[in-house]
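Analysis of the macromolecular model
Single-letter residue listing:
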Amino acid sequence: MLAYVVRRLLLVAVVVWGAATLAFVLLQLSGDPLNLLLPLDATPEVRERYRASLGLDRPVLVQYGVYLLNAVQGDFGTSLRSAAPALGLVLERMPASLLLAGAGLLFAVVIGVPAGVVAALHRGKPLELGVMSLALLGQSIPVFWLGLMLILVFGLQLRVLPISGYGSAQHLILPMIALGTFTAAAIARLTRNGVLQELRSDYVRTARSKGAHGRRVVYAHALRNAAIPVVTVIGLQLGTLLSGAVITETIFAWPGVGRFVLIAVSQRDFPVVQASVVVFAALLAFVNLIVDISYLFLDPRVRYA
Amino acid sequence: MRQPLVVALSIVVLTLGMAHAQSGRMVIAQGVDATTMDPNDHRETPTGNVTANIFDPLMKRAVDGGLIPWLVTEATPIDDLTWELQLREGVTFHNGEAFDAEVAKFNFDRLTDSDAPLRTSDLWTSVSEVTVEGPYTIRVHTARPLATFLTQLTQIFMVPQTYIEENGAAHFASNPVGSGPYRFVRWARDQEVVLAAFDDYWFGAPSIQEIVFRPIPESSSRVAELVTGGVDIITNLSPEAVPLVSGSGQAVASTVPSIRNIFIVLNVTGEGPLDDPRVRLALNHAVDKDTIIRTILGGDGVANGCPLNPYMYGYVEALCDPFPFDPERARELLAEAGYADGFTFTMGSPDGRYLNDRQVAEAVVGQLAAVGVRAELRVQEWSSYVGQVLERSIPTDAWLIGWGNSQFDADNTMFSLLYGGTIEGGAPRSVFTYMYDATLDALLAEARATVDQARRAELYADGLALVRDAAPWIFLYQQVDIYGVSTRIDWDPRPDELIWAFDAALR
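Parameters and conventions
Residues numbered from 1 in each chain as written. Chains lettered and ligands numbered in written order. Predicted model: local features only at pLDDT ≥ 70, side-chain atom pairs only at ≥ 80, totals over all residues. Heavy atoms only, no water. Helix = DSSP H or I, 4+ residues; strand = E, 2+ residues; numbered from the N terminus. Buried < 20%, exposed > 50% of the residue type's maximum accessible area, 1.4 Å probe, protein only. Contact = heavy atoms within 4.5 Å. Areas by Shrake-Rupley, 256 points an atom, 1.4 Å probe, with all protein chains shown as cover. Lys, Arg positive; Asp, Glu negative; His and termini not counted. Charge placed at Lys NZ, Arg CZ, Asp CG, Glu CD. Rg over C-alpha atoms; globule rule 2.2 N^0.38 Å. Disulfide = S-S within 2.5 Å. Buried area = accessible area lost by both parts, 1.4 Å probe. Salt bridge = Lys/Arg side-chain N within 4 Å of Asp/Glu carboxyl O. Polar contact = N/O pair within 3.5 Å; in protein donor to acceptor, adjacent residues only side chain to side chain. Nonpolar A, V, L, I, M, F, W, Y, C, P; charged D, E, K, R; others polar. Domains from an automatic or database assignment. Pairing = 2+ DSSP bridges. Axes fitted to C-alpha atoms, helices over the stretch in contact; angles between N-to-C directions. Parallel < 35°, antiparallel > 145°, perpendicular 65-115°, else oblique. Left-handed = near helix turned anticlockwise from the far one by under 90°. Core = buried A, V, L, I, M, F, W, Y, C linked by side-chain atoms within 4.5 Å.

1. Quick word on the overall build of chain A
Looking only at helices and strands, chain A has 13 helices and zero strands in total. Secondary structure elements of chain A, listed N to C terminal, follow the sequence α-α-α-α-α-α-α-α-α-α-α-α-α. Projected onto the principal axes, the alpha-carbon positions of chain A cover approximately 85 × 60 × 30 Å. For chain A, the proportion of its 305 residues judged to be buried stands at 50%. Sequence separation of at least 24 residues holds for 75% of the intrachain contacts in chain A that already meet a minimum separation of 6. Accessible surface for chain A amounts to roughly 14,800 Å². Of this, 70% is attributable to carbon and sulfur atoms. The distance from the centre of the 24 positive side-chain charges to the centre of the 14 negative ones in chain A is 17 Å.

2. Notes on the overall build of chain B
Along the backbone of chain B there are 16 helices and 19 strands. At 24 Å, chain B has a C-alpha radius of gyration in line with the 23 Å of a compact globule built from 507 residues. Once the C-alpha set of chain B is aligned to its principal axes, its extents read approximately 70 × 55 × 40 Å. Sequence separation of at least 24 residues holds for 68% of the intrachain contacts in chain B that already meet a minimum separation of 6. In chain B, which carries 36 positive and 67 negative side-chain charges, the distance between the mean positions of the two groups comes to 3 Å.

3. Regarding the state of the cysteines
All names here are of chain B. The full count for this structure, using the stated rule, is one disulfide over all chains. Each sulfur of the disulfide joining C306 and C320 lies 2.0 Å from the other. One disulfide, between C306 and C320, carries an S-S torsion of 85 degrees and so falls in the right-handed class. Residue C306 is located in the loop between β13 (301–303) and α11 (327–336), and its partner C320 is located in the loop between β13 and α11; the two are separated by 14 residues in the primary sequence. Of the residues examined, C320 reaches a relative accessible area of 4% and is grouped as buried.

4. Quick notes on the interface of chain B and chain A
In this complex, chain B contributes 41 residues to the contact, which on the side of chain A involves 38 residues. Summed over both partners, the interface of chain B with chain A buries about 3,400 Å², with 58% contributed by carbon and sulfur atoms. Between A:R93 and B:D190 there is a salt bridge, and its shortest N-O distance comes to 2.8 Å. Run the count over chain B and chain A and you get 10 residue pairs in polar contact (both at pLDDT 80 or more). By residue number, the principal contributor to the side of chain B that touches chain A is helix α13 (residues 382–390) of chain B, which donates six residues. The class makeup of the residues in the side of chain B that touches chain A is 13 nonpolar, 15 polar and 13 charged.

5. Some remarks on the domain arrangement of chain A
All names here are of chain A. Per the domain assignment, the segments making up chain A are domain 1 (2–86) and domain 2 (96–257 + 283–298). Computed from C-alpha coordinates alone, the two centres of domain 1 and domain 2 are separated by 37 Å. Carbon and sulfur atoms supply 79% of the area buried between domain 1 and domain 2, which totals about 490 Å² over both sides. Three residues, R8, L9 and V12, lead the burial of domain 1 against domain 2; their summed loss comes to 69% of the area buried on that side. Across the salt bridge formed by D292 and R8, the nearest N and O atoms sit 2.4 Å from each other. Connecting domain 1 to domain 2 are one residue pair in polar contact (both at pLDDT 80 or more).

6. Some remarks on the domain arrangement of chain B
Residue and element names in this part refer to chain B. Per the domain assignment, the segments of chain B are domain 1 (9–202) and domain 2 (258–479). On the side of domain 2, 13 residues touch domain 1, which itself brings 15 residues to the contact. Between domain 1 and domain 2 the total buried area reaches about 1,100 Å² when both faces are included, carbon and sulfur atoms providing 53% of it. Linking domain 1 with domain 2 are zero salt bridges. Where domain 1 meets domain 2, there are four residue pairs in polar contact (both at pLDDT 80 or more). Of the residues belonging to the side of domain 1 that touches domain 2, the class tally is six nonpolar, five polar and four charged.

7. Looking at the side chain of A:R8
For A:R8, the position within the fold is in helix α1 (residues 2–30). Judged by relative accessible area, A:R8 falls into the buried class, the value being 16%.

8. Some points on the sheet that holds strand β6 (residues 127–134) of chain B
Residue and element names in this part refer to chain B. Taken together, the four strands give an open sheet; going across it, the order is β4-β5-β7-β6, and neighbouring strands pair in antiparallel fashion. Of all the strands in the sheet, just β4 (72–79) and β6 have a single pairing partner and so form its edges. For this sheet, the mean angle separating the axes of adjacent strands, direction not counted, is 20 degrees. Pairing between strand β5 (residues 82–87) and strand β7 (residues 137–142): five bridges, direction antiparallel. Paired with L85 across the strands is I138, a residue of β7. Most of the contacts of helix α3 (residues 101–112) go to β6, to which it runs at about 175 degrees, and overall it touches β5, β6 and β7.

9. Considerations on the packing of helix α10 (residues 289–296) of chain B against helix α12 (residues 357–369) of chain B
All names here are of chain B. Contact pair α10 / α12: the axes reach a minimum separation of 11 Å and the direction vectors enclose 140 degrees. Here α12 runs oblique to α10, going by the angle between their axes. Between α10 and α12 lies a crossing whose hand is right-handed. When α10 is examined against α12, the residues T291, I292 and I296 are found in contact with a partner set consisting of Q359, V360, A363, V364 and Q367. Residues of the contact of α10 with α12, tallied by class, amount to five nonpolar, three polar and no charged.

10. Describing the nonpolar core
Ranked by size, the top nonpolar core spans 149 residues in total, and within it B:F99, B:F108, B:L153, B:F345 and B:L476 carry the most contacts. Structurally, this core is a two-domain feature, drawing no fewer than three residues from each of domain 1 (9–202) and domain 2 (258–479) of chain B. Residues A:Y64, A:L100, A:A120 and A:A184 belong to the second largest nonpolar core, which totals 60 residues.

11. Describing the environment of A:L172
Residue and element names in this part refer to chain A. Position of L172 among the secondary structure elements: in helix α8 (residues 169–199). Judged by relative accessible area, which is 14%, L172 ranks as buried. Sequence separation between L172 and L99 is 73 residues, and the spatial gap between their C-alpha atoms is 8.6 Å. Filtering out sequence-adjacent residues up to four positions away, L172 remains in contact with L99, L100, A103 and W254.

12. Re the pairing of strand β12 (residues 251–266) of chain B
Residue and element names in this part refer to chain B. By the criterion of burial, β12 is predominantly enclosed, with 12 of the 16 residues buried. Across 12 bridges, the pairing between β12 and strand β17 (residues 473–486) is antiparallel. Pairing of T255 across the sheet is with I482, part of β17. When β12 meets strand β16 (residues 398–404), the two strands line up antiparallel, connected through seven bridges.

Following this line, the structure appears as structure tokens:
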């Protein structure tokens, strides 16, 4: 087990290095950052002075070496746009992103898992149809439309929740629903399918024939075994929710990292993009590791040697 | 020329400041957050809106585009290469540091230090030395005559020397200390910037006690916040949202013609239909500016027919009338040029960089088709589009762009966009120009080296006449900025896009 974790951690390092390199290469290909950094009519002398002061006049391989060397020490350089350390700017926005992603995921699990179980238990009945129709709807509604509708109803008409911003529990509610709905629907569908499949399996029939209580069979046996694909999806979704909350962050003016990085990419703010790619790669690799380890507890048949 | 050039003091403006009663809080929502608090290290309006409230420039821009003496009270040209500046006495920074000649010199030196360039350094490349002549007097020496010196003084904001020397530029960029009407309180990136009234401001205490800047990227969220009273001023209100704002009773739409012109550059490469001035004039006559403004911009735009607009020094109304919409005339000109059956060319446009830019480009394509000219539109995302423009690798025969003249002076448009570099030993061609006219180049080069303002005006008038005949662009319109303003706030927008909170009061 320990050897496995160590091996996986080494793999994390390789993944992060690969992502860092890929980010560097893609940014080099994306064009000259000075085009967007300086006024359009900046003179050639000023452009060259800037290029030198940012170290962009050095050979690409030297830039790459310096970048890796500094990155290992946690230094990704100074943001071209904001004149502040790039890693700090990314990390500064992580709490807001983690809060939103965590809340969105919690919302998705709290709504999605019970909905899936209920649908499975009411197979073929109107309740299943209702729950599954809602799930289909939840997966089909575009986030931006849902976000604007939430603002329209709760912010503009009823005026019970803040429209945008960050800081209080009330501020979290609308973005959480907007972000979590898609995942809730996905989890509901997955849970229903998983539970249905488990309910048909031999051990459930055996448990029932032994006279085990219906609810116990569902929650202690079927749901636990149906959990593996669900946990996998939750792990994958956490990454998506963290980095892919751009639309939600934009609509609700949420100070997360997604939109920040989007702007950095469009402005070719190399240090910020590189820092964020490394942070995300490390984060996702860790989440995957945790998901894999959780299988051990969910399924005794799983062994890592 | 040696006579002192005493810049008119606007006493009316000065006394206005004293009449304010103090109260309350005002929240301003912009699309993006500030990037820095260093007023001289950015060229962005959203950042400038924050820093302009914390810092004082040497000259202040008046709402008609003119200049108001600010921390410089008098500017005198000693000769073509020397300006003497009298500085305002009794100005202190928010931390108690005094403003004087040494601090002013420090500010110029900071911008001309070639080892640590700032983002406004390119304005001052011709400054060779700044000397202290008295406690409140400095002289700025330039390597060549700098005709736009006075107007550039609106773009240099005074920062405190001791504070920066003790704390470093990086600390200063997120913990600013200025001498302006508001002092910095806190900045939570992507959340809010909070400023508080500086009661000892030399111009008088500001009326509103607290100013909050909030970035709200989505324009419909900005509108929702405005009409529910969450914020007081929003920028970039879209024309479609104006009825909603006006109908809410909470806020009104407030407009001002901006310094920015929108136009389509025609690549005159020496061959093809666009090389013929008659064809270029025909395109100008074929575009119905008024209909575009009415239908796509909600009526907010001012049609024009030259590179300048009325705010700019050098503007001549008679040479800037919009080309009349006259499809008949366009067809005649095309026939004269040998293109009676029209021709095909490609046109580029960004999407989302300027208000409804893509839609405007599409309308132009449709109107050109009516006179038989087929334009193929290629829309691109801004960062790659602007890269191609700057590197002169734009793949289309024509391209739509906007130009906000930061100096309110013809030089910043005419030289920056139209100088063809035909003068031997002179400056290299502007990357934006595809027109090579030795006469025009000579006029533009002389104008930027002439300190005599009357002579400059003549030179620009001659230049405008040449540009009008050559029609190197399809001239479209002067953009109008639309703001949403809460009914509880008394504030009028400015042409330079700045939100100076000192001008605002609660009703």
